[in-house]
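What follows is each chain in one-letter form.
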Amino acid sequence: MTIVANILGELFAPTTAAYALAAIGLNIHFGMTGLMNMGQAGFMLLGAYGFAITQMHGANLFSSVLFALLLAAVYALLLGIPTLKLGPDYLAMVTLAAAEIVRIVGRSTSMTNITGGSAGIAPQDFTTRFEDLSPLPDGTSTFLIWTYNNNIANSWWLRIVAWVLVALCAFLCWRWFRSPWGRVLKGIREDENAIRSLGKSVTKYKMQALIVGGLFGALAGVVFVLPRSLNPDSLGRTVTFYTWTILLLGGAATIMGPILGSCVLWVLLTAVKETMRVTIPSTVISSNQIEALGWIIVGVALMLLVIFRPQGILGNKKELAFNG
Amino acid sequence: MAENNKAPVDAAQRHDVGAAPAASVREPFYDIARWGTKPPEGEDLISTAYGDKVTRDLAFVENKPGVHKPDPILVADGVVRRFGGMTAVDVDHFEIERHGITALIGPNGAGKTTFFNLMTGFDVPNTGSWHFDGKDMQHVHPEQVARGGMVRTFQLTKVMSRLTVLDNMLLGAPDQPGEGMFRSLFPGMWRRKERENREKAEALLERFLLIKKKDDFAGSLSGGQRKLLEMARALMCDPKLVMLDEPMAGVNPALKQSLLDHIISLREDGTTVLFVEHDINMVRHIADWVTVMAEGRIVAEGQPKTVMDDPAVVDAYLGAHADVDLGGDSVLEGLEERS
Ligand SMILES: Nc1ncnc2c1ncn2[C@@H]1O[C@H](COP(=O)(O)OP(=O)(O)OP(=O)(O)O)[C@@H](O)[C@H]1O
Ligand SMILES: [Mg+2]
């Protein structure tokens, strides 16, 4: 019973929501505009730092979130100005490298008194004000088969806030997808020069898309660190690659794709790992190995998906048919 | 067997009787008049004021390269573009008459497309200056060029494959407030403009015989249909000068005729047209002025008749049989006689 609860609990876990948010941002970059952002984790980490550090120094929640968003916007501008006029590969390289730079600077010993170095920032330093805001009573609650703390760490309160954020971002995305602004972005994805010849300023639109997607990434970072501590190494390259996996799994250029992709990936992964843990005795495979094996199995499943359903779960096959 | 024979009989009867109810008759597939390719009737010109004026004005212009014209909309001076050691474009002086239909012809690799790219900001010349409607256009970005009213199409067609035909058209519309990031979130601010644009787009699609395709992905269009879509899209913003790079390549002859009428009617709306075309009949039919380019330079300019009788042009570009229908028997006879 606890196994089933654990597996299904991933469906609405805060981390699932965080990845969904990051993937929605990436969807604006890649699915809508065709920008290859290979460093979404950089936006997330920067957002998390912006939030946690200001919280540590006693700022209120609102200005902390605002500061996190501001950092991400400035970061997007810095990355975008030199690269957006060049080809798509340049943005991919620069975002990948910049995300690593953010992580390495964050964990360097010289920054210890600001970022906490490689140990990061402990949860009690930045989550208390968020937890105090909760209208829920103290203690734990059980809903159907799930029991979580109401307010502390991996809590119901965080789940509510995280999924409200996801819903809000998905709504914004939906509005944008169906608007003339979204149409221009999709046009840029298809053919930049054609859009230019019709009098639209391509660089401006790309910059807007980069910033908006980055803001969603920063929010994702905040949600990501709230149930745990802020550790720079937990927001490294792998997070970017999971985000890409989620986007492609759910279906790029769809509204619900990133959310569905995130739910499916985490439920699947937990299911594989939990069943292995129960069915295979630990003398044959240790729990460390199960962790790795879980990813291998998911990787194979994803390969099959990309071969047999390249448009993702929700994508439109017809759209993929034209490459010219 | 009887079933198979029925259709032609029906068709024949219908022609005889003339009043057979259309719905009950099985439509023969070979009824060519019903193909979706039949162009709409030619435009009824409301007036020919601009056409007459241009003809009158150009009648007094000398037929030599780089000549000054009474009312130029685009003036280029000393525009040179080199690719490595090769000079692709080297234009001393060139003017395009306002409201005129100017044809730019010349052999492959003459530099016509490169000239288009230079004028519209997609490429930067090594030296030179050019003015559009009195404004200096050096260092102006392509999007600003287009917003200024100079819109071009591409020889290698550029359509947005994974957008619908209608969306492609709507992207051509200028001044849609919903194209701002924040305003796009409030449909109330752009719905009305969107509706107007849609009506305009549908009217143009009707004209270009693409209305049935309006909800299909543009990537599913045929080569000729893409050319048509691109041209229709360029007309969405009512440009002052539209530059068409081989607009009729791959378009069927009947539709070509009808689109030529459309181009002529564009002139009466105040649009100036510059087009590149290898089809000499089309040039002869609609151009007010013909410019010949070869190896990057403008080698001849003038009234269509004069230019096409110019022995140098005939020799270098048109070929000896320019006036002859190459499909006709006369060519074969000529060849046989010679051999
Ligand atoms: N990007 C480029 N790099 C190098 N050379 C180029 C480039 N673009 C064009 N050229 C050269 O410039 C010359 C003019 O090319 P352009 O495309 O303008 O010809 P064109 O007159 O449009 O010919 P066509 O009628 O075949 O379309 C050609 O010799 C071509 O090889
Ligand atoms: Mg060309």
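Residues numbered from 1 in each chain as written. Chains lettered and ligands numbered in written order. Predicted model: local features only at pLDDT ≥ 70, side-chain atom pairs only at ≥ 80, totals over all residues. Heavy atoms only, no water.

Under the annotation held in an unreviewed UniProt entry, chain B carries the name Branched-chain amino acid ABC transporter ATP-binding protein and is attributed to Bifidobacterium italicum.

Within an unreviewed UniProt entry, the label attached to chain A reads Branched-chain amino acid ABC transporter permease, and the organism entered is Bifidobacterium italicum.

A.B. asks: What exactly am I supposed to notice about the overall build of chain A here?
C.D. replies: Broken down by element type, chain A carries 16 helices and two strands. Relative to the globule expectation of 20 Å for 324 residues, the C-alpha radius of gyration of chain A, 20 Å, shows essentially globular dimensions. Overall, the C-alpha framework of chain A stretches about 60 × 50 × 35 Å when taken along its three principal axes. Here chain A, with 324 residues, has 54% of them falling under the buried criterion. Counted over contacts in chain A with a minimum sequence separation of 6, partners at least 24 positions apart contribute 72%. (Helix = DSSP H or I, 4+ residues; strand = E, 2+ residues; numbered from the N terminus. Rg over C-alpha atoms; globule rule 2.2 N^0.38 Å. Buried < 20%, exposed > 50% of the residue type's maximum accessible area, 1.4 Å probe, protein only. Contact = heavy atoms within 4.5 Å.)

A.B. asks: Quick question: what am I supposed to make of the overall build of chain B here?
C.D. replies: Each helix and strand in chain B was counted, giving 12 helices and 10 strands. Within chain B, buried positions represent 47% of all 339 residues. Considering only intrachain contacts with a sequence separation of at least 6, the fraction spanning at least 24 residues in chain B is 68%.

A.B. asks: So what exactly am I meant to see when it comes to the pattern of salt bridges here?
C.D. replies: A side chain of one charge can pair with a side chain of the opposite charge when the charged atoms of the two come close. All names here are of chain B. This model, assessed by the stated rule, comprises 31 salt bridges over all chains. Aspartate 238 is paired through a salt bridge with lysine 200; the nearest N and O atoms lie 2.9 Å apart. Residue aspartate 238 is located in the loop between helix 7 (223–234) and strand 7 (241–245), and its partner lysine 200 is located in helix 6 (residues 191–207); the two are separated by 38 residues in the primary sequence. By relative accessible area, aspartate 238 is classed as exposed at 56%. What makes lysine 200 partly exposed here is its relative accessible area of 30%. The closest approach of N and O atoms between arginine 267 and glutamate 268, which form a salt bridge, is 3.7 Å. Using a relative accessible area of 10% as the deciding quantity, one classes arginine 267 as buried. Judged by its relative accessible area of 15%, glutamate 268 is buried. (Salt bridge = Lys/Arg side-chain N within 4 Å of Asp/Glu carboxyl O.)

A.B. asks: Looking at this structure, how should I read the site of ligand 1?
C.D. replies: Residue and element names in this part refer to chain B. Neighbouring ligand 1 are 13 residues, the closest being Asn108, Lys112, Thr113, Thr114 and Gln155. Note that an oxygen atom of ligand 1 is positioned 2.9 Å from one of the backbone N or O atoms of glycine 109. Here ligand 1 has 640 Å² of accessible area as a free molecule, and 61% of this is covered by the chains. Contributions of two or more residues to the shell around ligand 1 are made by strand 2 (86–97) and helix 3 (112–119). Among the elements that make up the shell around ligand 1, the one with the highest residue count is helix 3 (three residues). (Near = heavy atom within 4 Å. Polar contact = N/O pair within 3.5 Å; in protein donor to acceptor, adjacent residues only side chain to side chain. Areas by Shrake-Rupley, 256 points an atom, 1.4 Å probe, with all protein chains shown as cover.)

A.B. asks: Can you help me understand the interface of chain A and chain B in this one?
C.D. replies: Where interface size is given, it is often the accessible area lost as the parts come together that is meant. Opposite the 31 residues of chain A that make contact, chain B presents 32 residues. Both sides together, the interface formed by chain A and chain B hides about 3000 Å², and carbon and sulfur atoms give 64% of it. At the boundary of chain A with chain B, the tally comes to five salt bridges. Between glutamate 179 of chain B and lysine 200 of chain A there is a salt bridge; the shortest N-O distance is 3.2 Å. (Buried area = accessible area lost by both parts, 1.4 Å probe.)

A.B. asks: Would you explain the coordination of the magnesium ion (ligand 2) in this entry?
C.D. replies: Ideal geometry at a metal centre: 109.5 degrees between donors when four sit tetrahedrally, and 90 or 180 degrees when six sit octahedrally. The coordination sphere of the magnesium ion (ligand 2), as far as protein atoms go, consists of Thr113 of chain B (OG1) and Gln155 of chain B (OE1), spread over 1.9 to 2.1 Å. With threonine 113 of chain B in helix 3 and glutamine 155 of chain B in the loop between strand 6 (150–152) and helix 5 (165–171), the pair connects residues that are 42 residues apart, well separated along the chain. (Donors = N, O, S within 2.8 Å, 3.2 Å for Na, K, Ca; no water.)

A.B. asks: What exactly am I supposed to notice about the UniProt feature "transmembrane region" (unreviewed entry) in chain A here?
C.D. replies: All names here are of chain A. In the numbering used here, UniProt assigns the "transmembrane region" (unreviewed entry) feature to residues 7–28, 34–54, 61–81, 156–177, 209–226, 246–269 and 290–308. Secondary structure content for residues 34–54 is 71% helix and 0% strand, while the C-alpha to C-alpha distance between its ends is 34 Å. In residues 290–308, the share of helix is 100% and the share of strand is 0%. The end C-alpha atoms are 27 Å apart. (UniProt positions renumbered as here; feature names shortened; annotations may be inferred.)

A.B. asks: I would appreciate a short explanation of the sheet that holds strand 3 (residues 101–105) of chain B in the present structure.
C.D. replies: Adjacent strands of a sheet form backbone hydrogen bonds with each other and so pair up, either parallel or antiparallel. All names here are of chain B. Taken in spatial order, the six strands line up as 6-7-8-3-9-10 in an open sheet, and their pairing is mixed. The open sheet has two edge strands, strand 6 and strand 10 (297–302), and neither has a second partner. Direction aside, neighbouring strands of the sheet carry axes that sit 20° apart on average. The pairing of strand 7 with strand 8 (residues 272–276) spans five bridges and is parallel. Looking at the pairing, leucine 244 lines up with phenylalanine 275 of strand 8. (Pairing = 2+ DSSP bridges. Axes fitted to C-alpha atoms, helices over the stretch in contact; angles between N-to-C directions.)

A.B. asks: So what exactly am I meant to see when it comes to the packing of aromatic side chains here?
C.D. replies: What describes a pair of aromatic rings is the distance from one ring centre to the other and the angle between the planes of the rings. Residue and element names in this part refer to chain A. A complete count under the given rule lists 16 aromatic pairs over all chains for this structure. An angle of 65° between the planes, with centres 4.9 Å apart, marks the rings of phenylalanine 30 and tryptophan 244 as edge-to-face. Residue phenylalanine 30 is found in helix 2 (residues 14–32), and its partner tryptophan 244 is found in helix 13 (residues 237–250); the two are separated by 214 residues along the sequence. Judged by its relative accessible area of 8%, tryptophan 244 falls in the buried class. (Phe/Tyr/Trp six-rings, centres within 6.5 Å; stacked < 30°, edge-to-face > 60°.)

A.B. asks: So what exactly am I meant to see when it comes to the sheet that holds strand 4 (residues 127–132) of chain B here?
C.D. replies: Residue and element names in this part refer to chain B. Strand order in the open sheet formed by four strands is 2-1-4-5, and the pairing between neighbours is antiparallel. The open sheet has two edge strands with one neighbour each: strand 2 and strand 5 (135–136). With two bridges connecting them, strand 4 and strand 5 associate as antiparallel partners. If you follow histidine 131 over to strand 5, its bridge partner there is aspartate 136. The sheet strands contacting helix 3 are strand 1 (72–83), strand 2 and strand 4, and the helix crosses strand 1 at an angle near 115°.

A.B. asks: Is there a simple way to explain the nonpolar core in this structure?
C.D. replies: A general trend in soluble globular proteins is that nonpolar side chains are found buried together. Core analysis: the biggest nonpolar cluster contains 94 residues, and Trp176 and Leu230 of chain A have the highest contact counts within it. The biggest single contributor to this core is helix 12 (residues 202–225) of chain A, with 15 residues. Not counting chain neighbours up to four residues away, the residues in contact with leucine 230 of chain A comprise Leu45, Ala48, Tyr49, Ala52, Ala119, Gly120, Ile121, Phe126 and Val225 of chain A. Within the second largest apolar cluster, 50 residues are counted, among which are Ala146, Leu228, Ile286 and Val307 of chain B. (Core = buried A, V, L, I, M, F, W, Y, C linked by side-chain atoms within 4.5 Å.)

A.B. asks: What is the right way to look at the environment of glutamate 143 of chain B in this model?
C.D. replies: The topology assignment puts glutamate 143 of chain B in helix 4 (residues 142–147). Residue class for glutamate 143 of chain B comes out buried when judged on its relative accessible area of 9%. With 113 residues separating them in the primary sequence, glutamate 143 of chain B and lysine 256 of chain B have C-alpha atoms 29 Å apart. Apart from the residues within four sequence positions on either side, glutamate 143 of chain B is in contact with Arg196, Gly199, Lys200 and Ser201 of chain A.

A.B. asks: Mind showing me how you'd approach the confidence of the model for chain B here?
C.D. replies: Regions with low pLDDT carry predicted coordinates that are not meant to be interpreted in detail. Residue and element names in this part refer to chain B. In this model, chain B carries an average pLDDT of 83, and 81% of its residues clear a pLDDT of 70 or more. When mean pLDDT is compared element by element in chain B, helix 5 scores highest at 96, while helix 1 (residues 2–17) scores lowest at 43. Low pLDDT (under 50) marks residues 1–25, which in the prediction has 14 contacts with non-local residues, meaning those over four places away or in another chain. Model confidence for the complex is summarised by a pTM of 0.88, with the ipTM given as 0.88. (pLDDT = per-residue confidence, 0-100.)

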